[in-house]
Amino acid sequence: MPAASEKRAFAQDFFFELMRDSQRVRAVYLAERERWIRSLEVSGREEILFELEVLLSGIDRFFNLRNLFGEAQPPQERDWKEELKATRDAVHRSVHLSRKLIEQRQEQALLFRNFVEGSLGDDRARARLGSELREQRTPEESLFLLLDVGQALQHELFVSRYFCPPAALEFRAEYDRIGSVLLLEALRLLEDEKKRRAFALALLASFRALRSLRYVPSPPVPHTRRVLVILALVRSELHALVGYLEGDLPRLSPAAGLVAAAGKAAAEKIRQVLAAIPPLLAQPLTDRAQLDLQRDKLAEATKLCVGILANALDPAMGHYALFEDDAARTDQSERLRMDLWIFREMCRYTAHALEQPAATPEAAEPLRRYATEFRDVGYQLLRHSDRELFDRFLDLLEGWSGRRGESTQIRMQRLRDDCHRFAEILERALDLVSKRSELQKIPIDESSYREALAKVQKGR
């Protein structure tokens, strides 16, 4: 097996590069936004941000008549009152979510500045304050602009530096992920980087659509008008996914024959459903059964698409544990718990080895190898806000042997202390994961964990 310094985990750079490439010219603002969201002390911040951007994207797509009526054109005399109400409700919900993400002290300062701007008699001073806010120097200022209902429409959405809605096939590190252990393993085992990227893009888009559909609740939970905005968004995203599967997927992969066949088959499942179910506004907006049918059919088609792609990655793979059902959540939590347990034990093992009088730098190699493997699956199952501490330690392991200006003995001592500290962090993380509801009745299988640990220590 190649040393950790020679072998880099695909996840270490792969998902980062994929997200960055999809974001194009706004990568600088999105990187700053990512640092900001990690610093927020707001419970469930990633989920709040995801729902906010689903609604912002949906508001934009709601103004594309094709997403509402299909290929048919609405009559010129149509009364748009109900559509405007749906947009209004989506904007109101966006305002509520935005305020959740602005810490109280920041909101008070922005509100005060807004009050001052409106109270000034000197137009030059008022214009200067307004210009400062429109510069959007921080994520908070960008969010505050979205609180103005009059500006939260298409133009203002797309000049928002930090919260411009993601386009189709543009992804966000904060919430876009492939949560299936089986799919992550299948992607990790792909040796061809282009093929891996081609499949990952399609899978990320599919999982985002499924996650968006969770905001169209099933009975008996009542619908709000904003479900129309979300359904319009998902239809738009799936149209874009069909285009990618049929055109870009074969082009991005050198194994064009097999990949093209998988892409065409997956796209056809979505195309059939988009053609079969009536356009969003072809029936009364109050018809709950039709809206539930839209949600169920769109989710079913997307899952079939994922299943076909999964089978192309690994012919033995079925639909089991691919999606966010109870079985999938249990598999994800159990895999993360085992990986955290092994990581903790490896840190303890390495710290102990480095304390020995005859210790050498090679004592850290098993831990470095495991850290490389951890990035591929376990790391992808962490919440985004939990990754920062892991990033620091993983980066430290990646480059610790190359530190200049320090003796080998000092570097080994520093790593030993870092291993002790990170083992405590892993202990707390392991405790939190073990408290998840899906693991309450599943105790840690100590023997299988220790067997996996022994393989890691031996470098298998």
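This structure is a prediction, so every number in the text was calculated from the model and none was measured.

If you add up the space inside the largest pocket, you get close to 1100 Å³. Considering the residues around the largest pocket, the lining is formed by 38 residues, among which Arg177, Leu381, Leu382, Arg383 and Arg436 are closest to the centre. Counted by class, the lining of the largest pocket contains 15 nonpolar, seven polar and 16 charged residues.

Another aspect to go through is the nonpolar core. Membership of the largest hydrophobic core comes to 123 residues, with the highest contact counts inside it found for Leu183, Leu245 and Phe343. The element best represented in this core is helix 12 (residues 227–252), accounting for 14 residues.

Take helix 17 (residues 387–399) next. For helix 17, spanning 13 residues, the distance from its first C-alpha to its last is 18 Å, which sits close to the expected 18 Å at 1.5 Å a residue. What helix 17 keeps buried is the set Arg387, Phe390, Asp391, Phe393, Leu394, Leu396 and Leu397.

Here we take up the pattern of salt bridges. A side chain of one charge can pair with a side chain of the opposite charge when the charged atoms of the two come close. Tallied over the entire structure, the rule returns 38 salt bridges. The salt bridge partner of arginine 208 is glutamate 237, with a shortest N-O separation of 3.8 Å. Pair noted here: arginine 208 is in helix 11 (residues 193–213) and glutamate 237 is in helix 12, with a separation of 29 residues, a long-range link. Each member of the pair, arginine 208 as well as glutamate 237, carries the same accessibility label: buried. A salt bridge links arginine 295 to aspartate 296; the shortest N-O distance between them is 3.0 Å. The partly exposed category is assigned to aspartate 296, whose relative accessible area is 40%. Among the charged side chains, a network of salt bridges with common partners joins Arg33, Glu53, Glu170, Arg172 and Glu174.

Attention now goes to unusual backbone geometry. Put simply, proline 219 and proline 220 share a cis peptide bond, and its omega is 5°. Along the polypeptide, proline 220 turns up in the loop between helix 11 and helix 12.

At a minimum axis distance of 10 Å, the contact between helix 16 (residues 365–376) and helix 17 shows a crossing angle of 135°. Between helix 16 and helix 17, the angle is such that the two are oblique. Where helix 16 crosses over helix 17, the two elements pack in a sense that is left-handed. Contacts between helix 16 and helix 17 involve Leu367, Arg368, Ala371, Phe374 and Arg375 from the former and Phe390, Phe393, Leu394, Asp395, Leu397 and Glu398 from the latter.

So, about the side chain of aspartate 89. Within the secondary structure layout, aspartate 89 lies in helix 5 (residues 81–101). Judged by relative accessible area, which is 17%, aspartate 89 ranks as buried. Polar contacts involving the side chain of aspartate 89 include one to the side chain of arginine 88, which spans 3.3 Å.

Further remarks concern the side chain of glutamate 46. Relative to the assigned elements, glutamate 46 resides in helix 3 (residues 45–61). Notably, glutamate 46 is buried but unbridged: the nearest opposite-charge side chain belongs to arginine 45, and the N-O separation is 4.5 Å.

This part takes up the packing of helix 11 against helix 14 (residues 288–313). Packing of helix 11 against helix 14 brings their axes to within 10 Å, and their N-to-C directions diverge by 155°. On the basis of their axis angle, the class for helix 11 and helix 14 is roughly antiparallel. Between helix 11 and helix 14 lies a crossing whose hand is left-handed. Contact residues: helix 11 offers Phe199, Ala202, Leu203, Ser206, Phe207, Ala209, Leu210 and Leu213, while helix 14 offers Arg295, Leu298, Ala299, Thr302, Lys303, Cys305, Val306, Leu309, Ala312 and Leu313. When the residues that make up the contact of helix 11 with helix 14 are grouped by side-chain class, the tally is 14 nonpolar, two polar and two charged.

Parameters at a glance
By convention here, each chain's residues receive numbers from 1 onward along its written sequence. With the structure being a predicted model, the display of local features is reserved for residues of pLDDT at least 70 and the display and counting of side-chain atom pairs for 80 or more, all residues being used for whole-chain, interface and lining totals. Excluded from the side-chain calculation are hydrogens and water; included are all heavy atoms of the structure. Note on definitions: the grid is 1 Å and covers protein atoms alone; a cavity is a set of points where a 1.4 Å probe fits but cannot get out; a pocket is an open set with protein on both sides within 12 Å along at least five of seven lines; lining residues have an atom within 4 Å of a point. Grid points are joined across faces, edges and corners, and a volume is the space filled by probe spheres set on the points. Residue polarity follows a fixed list, in which Ala, Val, Leu, Ile, Met, Phe, Trp, Tyr, Cys and Pro are nonpolar, Asp, Glu, Lys and Arg are charged, and the others, Gly among them, are polar. Take the buried residues of types Ala, Val, Leu, Ile, Met, Phe, Trp, Tyr and Cys, join any two whose side-chain atoms come within 4.5 Å, and each joined set is a nonpolar core. Throughout this description, buried means an accessible area under 20% of the type-specific maximum (1.4 Å probe, protein chains only), exposed means over 50%, and partly exposed covers the range between. Only DSSP runs of H or I covering at least 4 residues are called helices, and only runs of E covering at least 2 are called strands; the numbering of each starts at the N terminus. The span you would expect from a helix comes to 1.5 Å times its residue count less one. For this document, the term salt bridge refers to a Lys or Arg side-chain nitrogen within 4 Å of an Asp or Glu carboxyl oxygen. Axis angles are defined between N-to-C directions and span 0 to 180 degrees, where every axis is a line fitted to C-alpha atoms and, for a helix, only to the segment in contact. Roughly parallel here means an angle under 35 degrees, roughly antiparallel means over 145, roughly perpendicular means 65 to 115, and every remaining angle is called oblique. By convention the crossing between two helices is left-handed if the near helix lies anticlockwise of the far one by an angle smaller than a right angle, and right-handed if it lies clockwise. Residue contacts follow a heavy-atom distance rule, with two residues in contact if any of their heavy atoms lie within 4.5 Å. Counting of polar contacts relies on pairs of N or O atoms within 3.5 Å, with two restrictions inside protein: one atom must be capable of donating a hydrogen and the other of accepting it, and residues adjacent in sequence are counted only when both atoms are side-chain atoms. Only four residue types enter the tally: Lys and Arg on the positive side, Asp and Glu on the negative side, with His and both chain ends excluded.

This is a description of form; function is not addressed.
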